[in-house]
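Chain by chain, the residues run as shown.
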Protein chains: 2
Amino acid sequence: MSTLAADEETRDECQALAQVLDRVGDKWTVMVVGVLSSGPQRFTTIHRSIGGVSHRMLTLALRGLERDGLVNRTVFPTIPPKVEYELTEIGRSLIDPLMTLATWGRTNRRAIDDARARFDAKAD
Amino acid sequence: MSTLAADEETRDECQALAQVLDRVGDKWTVMVVGVLSSGPQRFTTIHRSIGGVSHRMLTLALRGLERDGLVNRTVFPTIPPKVEYELTEIGRSLIDPLMTLATWGRTNRRAIDDARARFDAKAD
DNA sequence: CCGTATCCGATAGGATACTG
DNA sequence: CAGTATCCTATCGGATACGG
């Protein structure tokens, strides 16, 4: 079987999928997961690694991940303060599904860009 | 290996992933893919199957998918007009990656909801 | 039946500046 | 260094109505 919403049971799959996208479908969250997949990182390190993300949005993305239990936040009460973020077990379990999607993207990027160009050309 | 952005090569993965989410990360697109995964459907049928989507947003979602070559649109010049949408080969190839994500969501939904509740409780 | 246009509110997201 | 608050803009998305 390879359908997502053929029957009642798979309708549930769509809901689950929608919830996942609600969590990681924003502009920066998956980037954060990607950066943290290589190990614990400090705020500033993440910030530089991603590049282009505003201070504010990175904070929000990290809060969201922490709230959902995908990321652990550890504060070292030093001066200046040091805060480390790391993926939790469940956070790490998200990497493979995301990799699957990324692979699909790399495989089909060219075809999609071409289709898009053709579509836009027809639209004059 | 199980990292997303450890080195330069995998940074590319993140870009690909970001592009995929740009395409399917909106509120309704994956629902449409889900509905169409069971075969060609007319506009109104899709509209009813999803439920809750506005006429306008469904049109936009379908346009986007058509533009990217994930969906074929066929117009039957009858009166009243009949328009059928179906996944293309590349569109169907997206189903499995999405299923992987959906499965992750179903598996971890409970844990995430709990973590969220705990986080919100602490925040008073 | 299908598509588009218009209007409107809600939210995402950037820039900046201020605290500890 | 890390987090928060404020302001402002652009985009998302719903409701409605009209055209083919």
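As a reminder, the structure under discussion sits directly above these lines.
Okay, so let's go over this structure. (Residues numbered from 1 in each chain as written. Chains lettered and ligands numbered in written order. Predicted model: local features only at pLDDT ≥ 70, side-chain atom pairs only at ≥ 80, totals over all residues. Heavy atoms only, no water.)

Here we take up unusual backbone geometry. Residue A:Pro80 is bonded to the preceding A:Ile79 through a cis peptide linkage, with omega at 0 degrees. Tracing the chain through its elements places A:Pro80 in the loop between strand 2 (71-76) and strand 3 (82-87). (Helix = DSSP H or I, 4+ residues; strand = E, 2+ residues; numbered from the N terminus.)

Enumeration over the complete set of coordinates arrives at zero aromatic pairs over all chains. Residue placement shows A:Lys82 over the ring face of A:Phe76; its charged tip is 5.2 Å from the ring centre. (Phe/Tyr/Trp six-rings, centres within 6.5 Å; stacked < 30°, edge-to-face > 60°. Lys NZ or Arg CZ within 6 Å of the ring centre and 35° of its normal.)

With that settled, the discussion passes to helix 4 (residues 55-67) of chain A. Residues separated by three or four positions in an α-helix point in the same direction, a consequence of the helix having 3.6 residues per turn. Residue and element names in this part refer to chain A. Here helix 4 is 13 residues long and its end C-alpha atoms lie 18 Å apart, about the 18 Å a rise of 1.5 Å per residue gives. The complete set of buried residues in helix 4 reads Leu58, Ala61, Leu62, Leu65 and Glu66. The buried side chains of helix 4 occupy one side of the element, clustering within an arc of 135 degrees when seen end-on. (Expected span 1.5 Å × (residues − 1). Buried < 20%, exposed > 50% of the residue type's maximum accessible area, 1.4 Å probe, protein only. Arc of directions from axis to C-beta.)

In the region of DNA strand D, 18 residues are neighbours, and A:Arg42, A:Thr44, A:His55, A:Arg73 and B:Met57 sit closest. Here the atoms of DNA strand D within 4 Å of the protein split so that 64% fall in sugar or phosphate, with bases taking the remainder. Between DNA strand D and A:Arg63 there is a distance of 3.4 Å, counted from a phosphate oxygen to a side-chain nitrogen or oxygen. Backbone polar atom of B:Lys27 to a phosphate oxygen of DNA strand D: 3.3 Å apart, as the coordinates give it. Among the elements of the structure, helix 3 (43-50), helix 4 and strand 3 of chain A together with helix 4 (55-67) of chain B are those that each provide at least two residues to the surface near DNA strand D. Broken down by element, the surface near DNA strand D gets its largest block of residues, four residues, from helix 4 of chain A. Class assignment of the residues belonging to the surface near DNA strand D gives a composition of eight nonpolar, four polar and six charged. (Near = heavy atom within 4 Å. Polar contact = N/O pair within 3.5 Å; in protein donor to acceptor, adjacent residues only side chain to side chain. Nonpolar A, V, L, I, M, F, W, Y, C, P; charged D, E, K, R; others polar.)

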